[in-house]
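Read off the chains here:
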Amino acid sequence: MFHFKEFSIIQEVSSMKVGTDSVILGAWTPAYEPQRILDIGAGTGILSLMMAQRFPTASIHSIEIDPETAEECKQNITLSPWKERISVFQMDIRNFSASNSYDLILSNPPFFSEDTHSPNQKRSLARASHSLPFAQLLNCVNKFLSPQGNFSVVIPYKEETSFLQEATYYSLYPLQKLYLKGTPSSPIKRSFLLLSHQQVTQILIKLLIVEKERHQYTEEYQELTKNFYLKF
């Protein structure tokens, strides 16, 4: 079974560490044997590798705009057991085209929740929302998602209402939500959303707390991510 530590190059060669958001998104995303998966803003390939591990018959397309990061993504995937099923495209998703739609689309999209941009230019590009506004992301999802497909995304909690309002313009509606808190006493930080073109009368909503206290991970977090961390 694949574990991140077997692919330490992901952390060693990249200035972007393996983030909690991507790990949770990859582990949580509800899906039933998707055959075609699109990873928008693939970074160094974490989500694509997780999807390849979870769904052994899936074909995965990974889109990354930054040339250096896309090259790191290719290197990481080449070292994995699933290199034949993952294709990396270094390009802007807005310029991407596909002959067939996707059963599952995932994105840990660029956003920067603080008031100022990161001093690291590449990190700022990867996180600054102006590089791929949510409206444009949703437009791309609408373009590539199959009628019965699902879109899984993580966004800042404070942006959820406006994001979902924008999503309705593209007839994308929430099926499930996962709210993330760092500790029991901290505020909700992230919203993990599963959307589709199908509306439901009742949305499944759950809360995930990462740590009971510093470096003391909750049983729920360990259970969710245990297939991807050797320490669990």
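Residues numbered from 1 in each chain as written. Predicted model: local features only at pLDDT ≥ 70, side-chain atom pairs only at ≥ 80, totals over all residues. Heavy atoms only, no water.

Notes on the side chain of S48
Link 1 in the chain: Secondary-structure assignment places S48 in helix α3 (residues 46-54).
Link 2 in the chain: There is a polar contact of 2.6 Å between the side chain of S48 and the side chain of S62.
Link 3 in the chain: For S48, the contacting residues outside a window of four places in its chain are D39, A42, I60, S62 and I86. (Helix = DSSP H or I, 4+ residues; strand = E, 2+ residues; numbered from the N terminus. Polar contact = N/O pair within 3.5 Å; in protein donor to acceptor, adjacent residues only side chain to side chain. Contact = heavy atoms within 4.5 Å.)

Regarding the packing of helix α6 (residues 134-144) against helix α7 (residues 160-169)
Link 1 in the chain: Viewed as axis vectors pointing N to C, α6 and α7 meet at an angle of 40°, and their least axial separation amounts to 10 Å. It follows from the interaxial angle that α6 and α7 lie oblique. The crossing of α6 and α7 is right-handed. Contacts between α6 and α7 involve F134, A135 and L138 on the former and, on the latter, F163, E166 and A167.
Link 2 in the chain: Classifying every residue of the contact of α6 with α7 by side-chain character gives five nonpolar, no polar and one charged. (Axes fitted to C-alpha atoms, helices over the stretch in contact; angles between N-to-C directions. Parallel < 35°, antiparallel > 145°, perpendicular 65-115°, else oblique. Left-handed = near helix turned anticlockwise from the far one by under 90°. Nonpolar A, V, L, I, M, F, W, Y, C, P; charged D, E, K, R; others polar.)

Description of the pattern of salt bridges
Link 1 in the chain: Using the criterion set out here, one finds five salt bridges in the structure.
Link 2 in the chain: Notably, a salt bridge pairs R94 with D92, separated by 2.9 Å at the nearest N-O pair.
Link 3 in the chain: A residue is classified by how much of its surface remains accessible, and R94, at 32% relative accessible area, is partly exposed.
Link 4 in the chain: Between K212 and E219 there is a salt bridge, with the nearest N and O atoms lying 3.4 Å from each other.
Link 5 in the chain: According to the relative accessible area criterion, K212 is partly exposed, its value standing at 43%. (Salt bridge = Lys/Arg side-chain N within 4 Å of Asp/Glu carboxyl O. Buried < 20%, exposed > 50% of the residue type's maximum accessible area, 1.4 Å probe, protein only.)

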